[in-house]
Amino acid sequence: MISYIIRRLLGIAVTIIFLSLGTFALSRTVPGGPWMKNAEIPMSDKEVAAFKEKYGLDKPFFVQYGIWFWNAIRLDFGRPFTAPELTVTQLIFKQLPYSITIGGLAACLAIFIGVILGMIGAARSNSTLDNVIVSYSVVVGTIPSFVLGFLLAYFLAAKLHWLPAGGWGGPRNWVLPVIAYGIPYTGGVALWTRQCLLEAMTSDYVRTAYAKGVKERMVMAKHVLRNALIPMITSFLPMFPGMMTGSIFIERVFGLPGLGQYFVQSSSNRDYPLVLGITMFWAILIALTYLLTDILYGVIDPRVRLTEKRS
């Protein structure tokens, strides 16, 4: 298992290098820059030249990338053009708690509700209740989170005054964005949970267990749920880094100071250091999540470790 983890980490490192090179190249080849006339702080030709010299943008491409990569290894992604009083790393970790709070709670809500609905649907397959759950999952999964956010803010905040319409305060301010962000994901989680459980329930080892007289509760706990966990984990764990790095739509609707807004603003402002820093942070988080998923495979099903040793 240790050798497998080392190989995966090396693979992640190579992937991150190529991703950083591609992102760096795209950021430099897109027309325009932070000095454009329609930028937030328009500059004269002399100021543009001084700006390029200050940030090393007047150097050849591979020289720029080499300098950036050497600094990035030491977790120094430079300073944002629009907020030079902070480093990119400081800005990310300053705004990340807002996105982690809303995204993490929303992911937990989606998995909690979705798994329960999926289990009920699988247990009552092809029944009226199962059809209702499937219909709910399809409909909810097609609703954009920002549309649901607007509806919740209008009815529950503006009309009924039950909850705050936005801003960052106490837990009451988190309720609407968490619901708006998490509910659309419950549909996909429910359908995937239902499918995984149904496939496990129709397997040969489950029929054999029933034929041996094993109680249904033991069959569900020892055979069905355990074997259905592997594909479920593959789908559910990556939800967390994806949702916890921020949603521009939810953050805009509810006025949250999360990381998603900064990423969109940095892209539109051609803030190269911030674009690269957030992209690398997100990529590393996603890669480590998939590595954790593979490690959990071996914890849930020891046969995964044996297969890896034989290979």
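A brief report on the enclosed structure follows.

Rules used throughout
Residues numbered from 1 in each chain as written. Predicted model: local features only at pLDDT ≥ 70, side-chain atom pairs only at ≥ 80, totals over all residues. Heavy atoms only, no water. Helix = DSSP H or I, 4+ residues; strand = E, 2+ residues; numbered from the N terminus. Buried < 20%, exposed > 50% of the residue type's maximum accessible area, 1.4 Å probe, protein only. Contact = heavy atoms within 4.5 Å. Areas by Shrake-Rupley, 256 points an atom, 1.4 Å probe, with all protein chains shown as cover. Patch = residues over 30% accessible without salt bridge, like charges linked within 9 Å, V, L, I, M, F, W, Y side chains within 5 Å. Salt bridge = Lys/Arg side-chain N within 4 Å of Asp/Glu carboxyl O. Core = buried A, V, L, I, M, F, W, Y, C linked by side-chain atoms within 4.5 Å. Phe/Tyr/Trp six-rings, centres within 6.5 Å; stacked < 30°, edge-to-face > 60°. Axes fitted to C-alpha atoms, helices over the stretch in contact; angles between N-to-C directions. Left-handed = near helix turned anticlockwise from the far one by under 90°. Nonpolar A, V, L, I, M, F, W, Y, C, P; charged D, E, K, R; others polar. Expected span 1.5 Å × (residues − 1).

## Thoughts on the overall build of the chain
And then number 1: In terms of regular secondary structure, the chain is built from 14 helices and 0 strands.
And then number 2: Reading the chain from its N end, one meets helices and strands in the order α-α-α-α-α-α-α-α-α-α-α-α-α-α.
And then number 3: Out of the 311 residues in the chain, the part that is buried amounts to 40%.
And then number 4: Across the chain, the fraction of contacts at a sequence separation of at least 24, relative to all contacts at a separation of at least 6, is 74%.
And then number 5: Summed over its atoms, the accessible surface of the chain is roughly 17300 Å², and 69% of this surface lies on carbon and sulfur atoms.

## Focus: unusual backbone geometry
And then number 1: Positive phi is not limited to glycine here, since Asn126 has a value of about 65°.
And then number 2: You can see Asn126 is positioned in the loop between helix H4 (88–123) and helix H5 (128–141).
And then number 3: By relative accessible area, which is 65% here, Asn126 ends up exposed.
And then number 4: In the Ramachandran plot, His161 falls in the positive-phi region, its phi being about 60° despite a non-glycine side chain.
And then number 5: Considering the arrangement of structural elements, one finds His161 in the loop between helix H6 (145–159) and helix H7 (171–201).
And then number 6: Take His161: its relative accessible area is 63%, and that puts it in the exposed class.

## A short note on a nonpolar patch on the surface
And then number 1: On the surface, a cluster of nonpolar side chains totalling about 820 Å² of accessible area is made up of Val139, Ile143, Phe146, Val147, Phe150, Leu151, Tyr154, Phe155 and Phe249.
And then number 2: Here the nonpolar patch gets 6 residues from one element, more than from any other, and that element is H6.
And then number 3: Locating Tyr154 in the fold gives a position in helix H6.

## Focus: the pattern of salt bridges
And then number 1: Overall, the coordinates contain 1 salt bridge when judged by the stated rule.
And then number 2: The salt bridge partner of Arg194 is Asp130, with a shortest N-O separation of 2.8 Å. One end of the pair, Arg194, is in helix H7; the other, Asp130, is in helix H5, with 64 residues separating them in the sequence. Both residues of the pair, Arg194 and Asp130, belong to the buried class.

## Observations concerning the nonpolar core
And then number 1: In this structure, Phe236, Met239 and Phe254 are the most contacted members of the largest nonpolar core, which totals 35 residues.
And then number 2: Those elements giving two or more residues to this core turn out to be H4, H6, H7, helix H8 (204–211), helix H9 (216–236), helix H10 (239–244) and helix H11 (248–254).
And then number 3: The element contributing the most residues to this core is H7, with 9 residues.
And then number 4: Sequence-distant contacts of Phe254, defined by excluding residues within four places in its chain, comprise Gly149, Ala153, Ala165, Gly166, Gly167, Leu176, Pro177 and Ala180.
And then number 5: Within the second largest apolar cluster, 21 residues are counted, among which are Trp68, Leu91, Leu96 and Leu291.

## Quick notes on the packing of aromatic side chains
And then number 1: The full count for this structure, using the stated rule, is 12 aromatic pairs.
And then number 2: A ring pair is formed by Phe24 and Tyr65, whose centres lie 5.4 Å apart and whose planes are at 75°; its orientation type is edge-to-face. Separated by 41 residues along the polypeptide, Phe24 in helix H1 (residues 2–29) and Tyr65 in helix H3 (residues 61–73) bring together distant segments of the chain. For the pair Phe24 and Tyr65, a shared accessibility class is recorded, and that class is buried.
And then number 3: Ring plane angle 45° and centroid distance 6.0 Å describe the contact between Phe24 and Trp68, whose orientation is recorded as tilted. Highlighted residues: Phe24 in helix H1 and Trp68 in helix H3, separated in sequence by 44 residues. Grouping residues by exposure puts Phe24 and Trp68 together as buried.
And then number 4: Connected via pairs of aromatic rings, a cluster forms that spans Phe24, Phe61, Phe62, Tyr65, Trp68, Phe69 and Phe77.

## Observations regarding the packing of H4 against H5
And then number 1: Direction vectors running N to C along H4 and H5 enclose 145°, while the axes themselves pass 8 Å from each other. Helix-helix and strand crossings are classified by hand; for H4 and H5 the assignment is left-handed. Contacts from Leu117, Ile120 and Gly121 of H4 reach H5 at Leu129, Asp130, Ile133 and Tyr136.
And then number 2: Its residues placed into classes, the contact of H4 with H5 shows 5 nonpolar, 1 polar and 1 charged.

## Some details on H6
And then number 1: With 15 residues, H6 should cover 21 Å at 1.5 Å per step; its first-to-last C-alpha distance of 20 Å lies within 8% of that length.
And then number 2: Those residues of H6 not exposed but buried are Ser145, Leu148, Gly149, Leu152, Ala153, Leu156 and Ala157.
And then number 3: Looking one or two places after H6, you find His161, whose phi comes out positive at around 60°.

## Observations regarding the packing of H6 against H7
And then number 1: Contact pair H6 / H7: the axes reach a minimum separation of 9 Å and the direction vectors enclose 140°. Considering the relative orientation of H6 and H7, their crossing is right-handed. For the pair formed by H6 and H7, the contact residues are Ser145, Leu148, Gly149, Leu152, Ala153, Leu156 and Ala157 on the first element and Leu176, Ile179, Ala180, Tyr181, Ile183 and Pro184 on the second.

Function cannot be inferred from these measures alone, as they are strictly geometric.
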